[in-house]
Amino acid sequence: MRVELDVPKCVASGQCVMAAPDVFDQRDDDGVAILLEERPGAELLDDVREAVAVCPAAAIRLVER
């Protein structure tokens, strides 16, 4: 599985970081999300799914391949 972050859509709410801190962080200057782990391990997938669900801008996708 691969995580995709549409940075221009990000509204810097920080919900992804709270849901999956091992996968997402935020830029210091504007709070926009940063993807730390494009292919997280299986143990992090529930957290990533939560981040996808709570993102107010729908800027995160989990691509299952």
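Going by the structure above, here's the rest.
Calculation rules
Residues numbered from 1 in each chain as written. Predicted model: local features only at pLDDT ≥ 70, side-chain atom pairs only at ≥ 80, totals over all residues. Heavy atoms only, no water. 1 Å grid on protein atoms, 1.4 Å probe; cavity = no way out; pocket = protein on both sides within 12 Å on 5 of 7 lines; lining within 4 Å. Points joined across faces, edges and corners; volume = space filled by probe spheres on them. Nonpolar A, V, L, I, M, F, W, Y, C, P; charged D, E, K, R; others polar. Helix = DSSP H or I, 4+ residues; strand = E, 2+ residues; numbered from the N terminus. Contact = heavy atoms within 4.5 Å. Core = buried A, V, L, I, M, F, W, Y, C linked by side-chain atoms within 4.5 Å. Buried < 20%, exposed > 50% of the residue type's maximum accessible area, 1.4 Å probe, protein only.

Visitor: Can you walk me through empty space enclosed by the protein in this structure?
Guide: Under the definition given, this model contains one cavity of 30 Å³ or more. If you add up the space inside the largest cavity, you get close to 100 Å³. Class assignment for the residues of the lining of the largest cavity results in 11 nonpolar, five polar and no charged.

Visitor: Help me understand the environment of Lys9 in this model?
Guide: Positionally, Lys9 belongs in the loop between β1 (2-5) and α1 (15-19). The spatial distance from the C-alpha of Lys9 to the C-alpha of Val32 is 9.3 Å, given a sequence separation of 23 residues. Residues within four places of Lys9 in sequence aside, it is in contact with Ala57, Ala58 and Ala59.

Visitor: Where do I start with the nonpolar core in this structure?
Guide: Across soluble globular proteins, you tend to see nonpolar side chains buried next to one another. Counting 20 residues, the largest nonpolar core has Val3, Cys16, Val23, Phe24, Ala51 and Ile60 as the members making the most contacts within it. Of all the secondary-structure elements, those providing two or more residues to this core are β1, α1, α2 (45-54) and β4 (60-63). Those residues within four positions of Cys16 in sequence are excluded, and the remaining contacts are Pro21, Phe24, Ala33, Ala51 and Ile60.

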